Structure formats: C-alpha cells, structure tokens
Amino acid sequence: MLRPSPAPAPALRSVLAALGSPSAVREPRTPALRTAQGPLSPELPLPVHVLGVPDAAGQRPPRTRLAGWRFLIRNGDRAIAAADTMLTPDGWSFSHFFEGPYVAATERALIQAEALVTPYQPRLLSVPELYMLTLWLHADTEADGATTEPGPADLLVPLAPAPPGIAANRPYGVADLLPVIGLRLTPPPLLGSAASATA
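The shown structure was predicted, so the numbers you read here are calculated from the model rather than taken from an experiment.

Participant: Can you lay out the nonpolar core for me, pointing to particular residues and giving the numbers?
Facilitator: Formed by 20 residues in total, the largest nonpolar core has its most connected members in Leu124, Leu135, Leu137 and Leu159. Among the secondary structure elements, those contributing two or more residues to this core are strand 1 (41–51), strand 3 (78–88), helix 3 (101–114), strand 6 (132–138) and strand 7 (155–158). The leading source of residues in this core is helix 3, at five residues. The residues touching Leu124, leaving out its near neighbours within four places in the chain, are Leu46, Pro47, Val48, His49, Arg70, Thr106, Leu133, Thr134, Leu135, Trp136 and Leu159. Counting residues in hydrophobic clusters, the runner-up holds 15 residues, among them Ala32, Ile73, Ala81 and Ala83.

Participant: Hey, could you go over the pairing of strand 4 (residues 91–98) for me, with residue numbers and the actual values?
Facilitator: Examined bridge by bridge, strand 3 and strand 4 share seven bridges and lie antiparallel to one another. Across the sheet, the residue bridging to Ala82 is Phe98, located in strand 4.

Participant: Tell me about the sheet that holds strand 2 (residues 64–75), and please be specific about residues and values.
Facilitator: Reading across the sheet, the eight strands line up as 4-3-2-1-5-6-7-8 and stay open at both edges, with mixed pairing between neighbours. If you trace the sheet from one side to the other, it starts and ends with strand 4 and strand 8 (172–173), each paired once. Running at roughly 45° to strand 4, helix 1 (residues 9–20) makes contact with strand 1, strand 2, strand 3 and strand 4 of the sheet.

Participant: Just give me the short version of helix 4 (residues 174–185), but keep the residues and values in it.
Facilitator: Helix length check: helix 4, at 12 residues, gives a terminal C-alpha distance of 16 Å against a target of 16 Å (1.5 Å per residue), a fit within 8%. Within helix 4 the residues assigned to the buried category are Val174, Leu177, Leu178, Ile181, Gly182 and Leu185. An end-on view of helix 4 places all buried positions within 135° of arc, on one side of the element. Away from the buried face of helix 4 by more than 90 degrees, exposed residues Ala175, Asp176 and Leu183 are located. Structurally, helix 4 contributes buried residues whose contacts are with strand 1, strand 5 (121–127), strand 6, strand 7 and strand 8.

Participant: Give a detailed account of the side chain of Thr106, specifying residues and quantitative values.
Facilitator: With respect to the helices, strands and loops of the structure, Thr106 is situated in helix 3. By relative accessible area, which is 3% here, Thr106 ends up buried. Discounting residues that sit within four places of it in the chain, Thr106 has contacts with Leu46, Leu72, Leu124, Leu133 and Leu159.

Participant: Got a sec to walk through the pairing of strand 3? Specific residues and values, please.
Facilitator: Pairing geometry for strand 2 and strand 3, over seven bridges, is antiparallel. Directly across from Leu72, in strand 3, lies its bridge partner Ala82. Hairpin geometry of strand 2 and strand 3 is characterised by an intervening segment of two residues between the two adjacent antiparallel strands and by a positive phi of about 75° at Gly76. Hairpin connection from strand 3 to strand 4: two residues lie between these consecutive antiparallel strands.

Participant: Give me the pattern of salt bridges: which residues, what numbers.
Facilitator: One pass over the full model with this rule turns up three salt bridges. A salt bridge links Glu43 to Arg74, with the nearest nitrogen and oxygen atoms 2.9 Å apart. Taken together, the residues Glu43 in strand 1 and Arg74 in strand 2 connect sequence positions 31 residues apart. When its relative accessible area of 16% is taken as the criterion, Arg74 is described as buried. With its nearest N and O atoms 3.0 Å apart, the salt bridge here joins Glu107 to Arg74. Here Glu107, found in helix 3, pairs with Arg74, found in strand 2; they are 33 residues apart in sequence, far enough to count as distant. Note on accessibility: Glu107 and Arg74 belong to one class, buried. It is possible to trace a salt-bridge network through shared partners that takes in Glu43, Arg74 and Glu107.

Participant: Go over helix 3, please, and point to the residues and values.
Facilitator: Every α-helical turn comprises 3.6 residues, leaving residues that sit three or four positions apart pointing alike. Across its 14 residues, helix 3 extends 20 Å between first and last C-alpha, which sits within 8% of the 20 Å expected from 1.5 Å per residue. Against the buried residues of helix 3 lie strand 1, strand 2, strand 3, strand 4, strand 5 and strand 6.

Participant: Provide a residue-level description of the environment of Leu110, including the pertinent values.
Facilitator: Checked against the element boundaries, Leu110 lands in helix 3. Judged by its relative accessible area of 6%, Leu110 is buried. Considered as a pair, Leu110 and Leu44 are 66 residues apart in the sequence and their alpha carbons are 9.0 Å apart. With residues up to four places along the chain from it excluded, the contact list for Leu110 reads Leu2, Leu44, Leu46, Leu72, Pro122 and Leu135.

What counts and what doesn't
- Residues numbered from 1 in each chain as written.
- Predicted model: local features only at pLDDT ≥ 70, side-chain atom pairs only at ≥ 80, totals over all residues.
- Heavy atoms only, no water.
- Core = buried A, V, L, I, M, F, W, Y, C linked by side-chain atoms within 4.5 Å.
- Buried < 20%, exposed > 50% of the residue type's maximum accessible area, 1.4 Å probe, protein only.
- Helix = DSSP H or I, 4+ residues; strand = E, 2+ residues; numbered from the N terminus.
- Contact = heavy atoms within 4.5 Å.
- Pairing = 2+ DSSP bridges.
- Axes fitted to C-alpha atoms, helices over the stretch in contact; angles between N-to-C directions.
- Expected span 1.5 Å × (residues − 1).
- Arc of directions from axis to C-beta.
- Salt bridge = Lys/Arg side-chain N within 4 Å of Asp/Glu carboxyl O.

The structure is reproduced here in structure tokens:
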C-alpha cells in the first residue's frame with residue numbers, strides 16, 4: 001500500500017509546461033515522447049534523494065539529500081519516459097526528460113509495492129557512484145518528502161539493472177542494504193597509511 005507525498009506544485013507545473021510547449025525548454029524530448037500517440041500525463045511523483053559518500057574513517061553513515069522530484073510520463077496504460085525537476089534559486093523547475101530501463105523498473109517496483117499490506121511512502125534513492133537506483137519505501141507515511149533520514153522500518157528495492165552482487169527487485173531492510181552500499185562507497189585507505197600507523 002503506497003501513500004505518496006504530494007509533489008511541490010511548481011515542480012508539477014514545470015513538467016506540464018515542458019510537455020505542453022517543447023520549444024520552451026532546452027532539453028529535447030526523448031524518442032518515445034516524440035512518437036507517442038495520444039495525451040501524455042505526468043504521474044506518480046517521487047522525491048529523488050541522493051546517497052552521499054561516507055567519510056574515509058567510516059565513522060559517519062551515508063547521508064541523503066533531496067535532489068529533485070521525478071514524474072513518470074504516462075501514455076495510455078504505461079509509462080514511456082520520466083521527467084526530472086530540480087530546485088533552483090527561483091524554486092522548482094523542469095530539468096530534463098529521459099527514458100531507459102529505470103522507467104519500466106520504477107513502474108514495476110511501484111506496482112509490487114502497492115500490493116504490500118504495510119503502508120509506505122514511495123521515494124527514490126540514487127547512488128550515483130554505483131550507478132544504482134532504488135525504490136525507497138519510507139515507513140513514516142506522514143513525513144515530508146524532503147526528510148532525508150532512512151528509518152529502521154524502511155525498505156529499499158534496488159531497480160534493474162542493479163550493481164553486481166545486489167539482487168534487483170528484492171526488498172531489503174535499510175540495516176541490511178545500507179552497510180553493503182556504504183562499504184562499496186567508502187574511499188580506500190591512502191597509500192602508506194597502514195605503514196605510517198605502525199611505524
């Protein structure tokens with residue numbers, strides 16, 4: 001059961017404007033959007049959070065920050081593309097359209113999550129350094145979509161394609177997946193650091 005957080009109204013307006021007037025934005029439409037027949041509608045808005053790299057000593061867990069809102073662009077009965085928005089000094093504005101495997105993977109994961117008995121607030125958690133995107137199911141359904149701390153009852157569902165060794169489309173508890181991601185993100189020790197510590 002999903003209880004999405006409402007997207008900021010300016011973010012939705014910027015996507016509607018980009019869909020309604022392609023010449024008004026610098027980013028070109030994707031091939032699927034150019035060839036689509038019938039109306040296009042932005043749906044299923046999701047806050048996109050980016051996971052930061054932990055400190056070299058591993059003392060601080062990875063933190064997240066809200067980077068934007070993503071809308072799946074539906075044509076008929078399926079999503080054919082997505083639109084990202086970003087926060088600028090003037091507020092939320094359209095960023096770009098895109099398509100690819102994460103669009104279908106996001107839609108699939110949302111459908112699967114809707115069948116869960118426990119209610120969750122859907123979000124996306126991006127790990128750019130690993131080329132990884134997960135559906136973040138936040139257990140606090142009343143939370144503001146901008147809150148950035150994963151809770152112990154949250155689930156993370158890696159979207160396909162997922163990094164090697166991490167199963168796609170499988171829900172992981174935050175305590176199970178974040179340490180794995182954190183290890184992969186932790187910078188390696190500097191050369192000579194072990195030798196200098198024992199000298």
